[in-house]
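For reference, the chains in residue letters:
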Amino acid sequence: MDAGSFVQPVLKLGITPWSPQAGLVVAFLYGYSRGFWWSVTAFVVAELLIRGAPAEWWLIPVQAVCVAGIYQAAAAALRHFRIFDLPPSLKTTLHFATIAALAALTAGVVVVGSYVASAVLPASQFSDAVARYWVGDLNGILMLTPLMLNLHAIPKLIRAIGESPLAFAGVASGSIAALMIIFLIGNPEDLRFFYVLFLPALASALIWGTPGLLLTAIGLQIGLMFGVQRLPEVAPLVDLQYLMSTLVLTGLALGAVVSERGEAAKLALQREMQISEREARLARASRAATAGELASALAHELNQPMTALVGYLRASEIMMTAANPQDTRLAPTLHKAADEALRAAGILGRLRNFYAGRDPQLEEMDIGTVLKSTTESSRWRDRRENLTISFNIPAGLPAVVADRVFIEVIFANLVNNALDATREQSDALIVVSARCTGKLMEVTVDDNGPGVSPTMQSELFKTFVTSKPDGMGIGLAVSRSLAQACGCELEACGSELGGAGFRLKLPVRA
Ligand code: ADP
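Position numbers for residues count from 1 along each chain, tracking the sequence in the order it is written. With pLDDT at 70 or above as the cut-off, local features in this predicted model cover only qualifying residues; side-chain atom pairs require 80 or more to be listed or tallied, and sums for whole chains, interfaces and linings still use all residues. Side-chain descriptors were evaluated using all non-hydrogen atoms of the structure, hydrogens and water having been removed beforehand.

Peer 1: Any chance you could break down the overall build of the chain for me, citing the residues and the numbers?
Peer 2: In terms of helices and strands, the chain carries 14 helices and seven strands. Burial status across the chain gives 45% buried among its 510 residues. Within the chain, residue pairs in contact and separated by at least 24 positions form 74% of the contacts whose partners lie at least 6 positions apart. Taken as a whole, the chain presents about 25600 Å² of accessible surface, with 62% of it coming from carbon and sulfur. Labels follow the DSSP assignment, with helices taken as runs of H or I lasting at least four residues and strands as runs of E lasting at least two, numbered in each case from the N terminus. When a residue's accessible area, from a 1.4 Å probe over protein chains only, is under 20% of the maximum for its type it is buried; when over 50% it is exposed; and in between it is partly exposed. Contact criterion: two residues are considered in contact whenever any of their non-hydrogen atoms come within 4.5 Å of each other. The protein chains shown are the only cover counted for residues, whose accessible areas, like all others here, come from Shrake-Rupley with a 1.4 Å probe.

Peer 1: Let's hear about the sheet that holds strand 6 (residues 489-494): which residues, and what values?
Peer 2: At least two bridges found by DSSP between two strands is the condition for calling them paired. Taken together, the five strands give an open sheet; going across it, the order is 2-4-5-7-6, and neighbouring strands pair in mixed fashion. The sheet is open, and its two edges are formed by strand 2 (387-392) and strand 6, each paired on a single side. The sheet shows a mean angle of 15° between the axes of neighbouring strands, taken without regard to direction. Across six bridges, strand 6 lies against strand 7 (residues 500-507) in antiparallel orientation. Bridge assignment links E489 to a residue of strand 7, and that residue is K505. Along the sheet, helix 12 (residues 367-381) makes contact with strand 2, strand 4 (428-437), strand 5 (440-447) and strand 7, crossing strand 2 at roughly 175°. Axes here mean lines fitted to C-alpha atoms, for a helix over just the part in contact, with angles spanning 0 to 180 degrees between N-to-C directions.

Peer 1: Give me the lowdown on the site of the ligand, citing residues and values where you can.
Peer 2: Around the ligand, the surrounding shell holds 19 residues, and the nearest of these are T466, S467, K468, G473 and L476. Within 3.5 Å is the distance limit for a polar contact, defined as a pair of N or O atoms, with the added protein rule that one can donate a hydrogen and the other accept it, and that residues adjacent in sequence qualify only through two side-chain atoms. The contact in question runs from an oxygen atom of the ligand to an N or O atom on the side chain of K468, over 2.7 Å. Between the ligand and the protein, one listed contact pairs an oxygen atom with a backbone N or O atom of G475 at 3.4 Å. Put simply, the parts of the chain that give the shell around the ligand at least two residues each are helix 13 (404-421), helix 14 (475-485) and strand 7. Amino acids are sorted into nonpolar (Ala, Val, Leu, Ile, Met, Phe, Trp, Tyr, Cys and Pro), charged (Asp, Glu, Lys and Arg) and polar (every other residue, Gly among them). Across the shell around the ligand, the residue classes break down as ten nonpolar, seven polar and two charged. We call a residue near a given molecule or strand whenever any one of its heavy atoms falls within 4 Å of it.

Peer 1: Requested: an account of the packing of helix 6 (residues 153-163) against helix 8 (residues 198-230), with residues and values cited.
Peer 2: Direction vectors running N to C along helix 6 and helix 8 enclose 90°, while the axes themselves pass 10 Å from each other. In terms of orientation, helix 6 and helix 8 fall into the roughly perpendicular class. Contacts from A153, I154, L157, A160 and I161 in helix 6 reach W208, P211, G212 and L215 in helix 8. Should an angle lie under 35 degrees it is considered roughly parallel, over 145 roughly antiparallel, and from 65 to 115 roughly perpendicular; all remaining angles are considered oblique.

Peer 1: Quick rundown of a nonpolar patch on the surface? Include the residues and the values.
Peer 2: Judged by side-chain polarity, M1, L24, M148 and L151 come together as a nonpolar surface patch covering roughly 350 Å² of accessible area. Position of L24 relative to the elements: it lies in helix 1 (residues 20-31). Residue L24 is classed as partly exposed on the basis of its relative accessible area, which comes to 30%. Like charges within 9 Å and nonpolar side chains (Val, Leu, Ile, Met, Phe, Trp, Tyr) within 5 Å are joined into patches, using only residues over 30% in relative accessible area that form no salt bridge. For this document, the term salt bridge refers to a Lys or Arg side-chain nitrogen within 4 Å of an Asp or Glu carboxyl oxygen.

Peer 1: Break down unusual backbone geometry for me, citing the residues and quoting the values.
Peer 2: Most peptide bonds take the trans form, and the phi angle of most residues other than glycine is negative. Positive phi, close to 50°, is recorded for R82, a residue that is not glycine. Mapping R82 onto the fold places it in the loop between helix 3 (59-80) and helix 4 (90-117). We classify R82 as partly exposed; its relative accessible area is 44%. Positive phi values are uncommon outside glycine, yet A119 reaches one of about 60°. Mapping A119 onto the fold places it in the loop between helix 4 and helix 5 (126-149).

Peer 1: Lay out the environment of A492 with the relevant residues and their values.
Peer 2: Secondary-structure assignment places A492 in strand 6. Among the residues examined, A492 registers a relative accessible area of 38% and is labelled partly exposed. As for A492 and V452, which are separated by 40 residues in sequence, their C-alpha atoms are 9.1 Å apart. Once you skip the residues sitting within four places of it in the chain, A492 turns out to touch L460, F461, G501 and F502.

Peer 1: I'd like a rundown of helix 1, residues and numbers included.
Peer 2: Relative to the 16 Å expected for twelve residues at 1.5 Å per residue, helix 1 spans 17 Å between its end C-alpha atoms, a close match to the ideal helical length. When we look at burial in helix 1, the residues that qualify are P20, A22, G23, V26, A27, L29 and Y30. Lining the buried residues of helix 1 we find helix 2 (36-51), helix 3 and helix 5. Take the residue count of a helix, subtract one, and multiply by 1.5 Å to get its expected span.

Peer 1: Summarise the packing of helix 13 against helix 14; cite the residues concerned and give the values.
Peer 2: The interhelical angle for the contact between helix 13 and helix 14, taken along N-to-C directions, is 150°, at an axis separation of 9 Å. Classified by the interaxial angle, the pair formed by helix 13 and helix 14 is roughly antiparallel. When the axes of helix 13 and helix 14 are compared, the crossing they make is left-handed. Of the residues in helix 14, those touching helix 13 at F406, V409, I410, N413, L414 and N417 are G475, L476, S479, L482, A483 and A485. Of the residues in the contact of helix 13 with helix 14, the class split is eight nonpolar, four polar and no charged. Should the near helix be turned anticlockwise from the far one by less than a right angle, the crossing is termed left-handed; should it be turned clockwise, right-handed.

Peer 1: Could you give an account of helix 4, naming the residues involved and the relevant values?
Peer 2: A rise of 1.5 Å per residue sets the reference length of helix 4, with its 28 residues, at 40 Å; its end C-alpha atoms lie 40 Å apart and thus fit the reference within 8%. Trailing helix 4 by a residue or two, A119 shows a phi angle of about 60°, which is positive.

Peer 1: Break down the environment of G212 for me, with residues and values.
Peer 2: Within the secondary structure, G212 sits in helix 8. Sequence separation between G212 and A201 is eleven residues, and the spatial gap between their C-alpha atoms is 8.5 Å. For G212, the residues in contact, after removing those within four places along its chain, are L157 and S204.

Peer 1: Go over the state of the cysteines with me, naming the residues and quoting the values.
Peer 2: The criterion for a disulfide is a pair of cysteine sulfur atoms lying within 2.5 Å. Going through the model one piece at a time under the given rule, you end up with zero disulfides. Residue C486 stays outside any disulfide, its sulfur separated by 4.0 Å from that of C488, the closest cysteine. Assessed through its relative accessible area of 4%, C486 is described here as buried.

Right, dumping it as structure tokens:
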């Protein structure tokens, strides 16, 4: 590498405007802190092999020790800031650039200073030579150190390039075109065409992040060296190198922003997944806690269809044994019995699914039909003479979307509670109403009973809280869970009839 980059040196000394080996040494010492003597040896061997032993041969090992020491310190500083352990960010990029610039400057001052002190180089060339050394090492470190320390990113980068060959073709042809513009159209005094190199470099930073930028920058750097060797009159490499360091720094910052944004997106996704996982765990835990509730709920919810079923079957029995076995009421009664049995089975299955965490089965339904059929079996159970159940359901209501079995269970609970509440009433009245308010259907069950007792107001929807001697305190709690599970809302409201009122809000078909 030293040989390949030995371009436009100062008086044939190892002061060149491009020193990839500096980048390699820093990467090596970063990964292997005990590699100091290896670095010193590499420096000495490179100097002797490429430039031969100078008259002041002792200068070489002295410089080697100093430069290796400086880069050892730079590597320690990079490790301290954990520059390459973390995904690149603007902050780590700034730290990296500052450490690289300071290290390259110190090395430049030491190497050039030693040449000047030993009269190999005239003092007048000190600042020029330092500047050349500095930019050479700086570019070497900026381009090669992060690449060497992120070699594992290369296969991923190659895969990404394979996935977007068009982007690769664009960056490659853009780079070649930019180099041709600099060397074929530019002139020695004029570096204004350099900026076109920014286009492929920044494009690759945007598309592939830092590793993509670094590979492109190295490609451009090799192109520049090649061009300068072929057409030395076009531009002094050192001037190009200053522009190159600006390009690499801009690209590194952009690559860092791209990676930071990617990391932020990844983090946000991870957090979202964690939250939803936590929610799922919580839901599972609360379902488990309500497993006991399931047993009670089943006993509670199945009570009604079972009672109805038994009633229908008894009635059928009487009809069968009565004088006229051909009683025409027999068939419909048996049919109703079968319906109730099916309803019980439906409730059993759906409740089991609900407590097992499975989703409700949403379907469109006509709410009026559901309300009337559910009330019918409740009414059948309670044959009081002085009980009136009236419906206030306008025709032409839009369909609602919910789980049919859930709605039947909720509604049966509300009606049964109203029946219980009006038991002492001389003229019991239950009114079931439905009205559509835009996107919601509001179904209310009102009664003229005594209303919810003050002590029960805040406890209504809690499990196992009941004011009835034979109550279980399950109906409203289960009803609210079922309502929420299928996108509905259940709440208590006052009633114009003087008793209690419960309102169920269901989503209307869009
Ligand atoms: P349970 O009916 O087994 O007591 P619920 O959860 O269905 O369980 O009801 C809980 C309590 O809410 C009842 O004990 C009662 O105090 C009150 N409640 C429910 N509906 C009415 C109503 N229509 N009128 C008065 N109180 C009611």
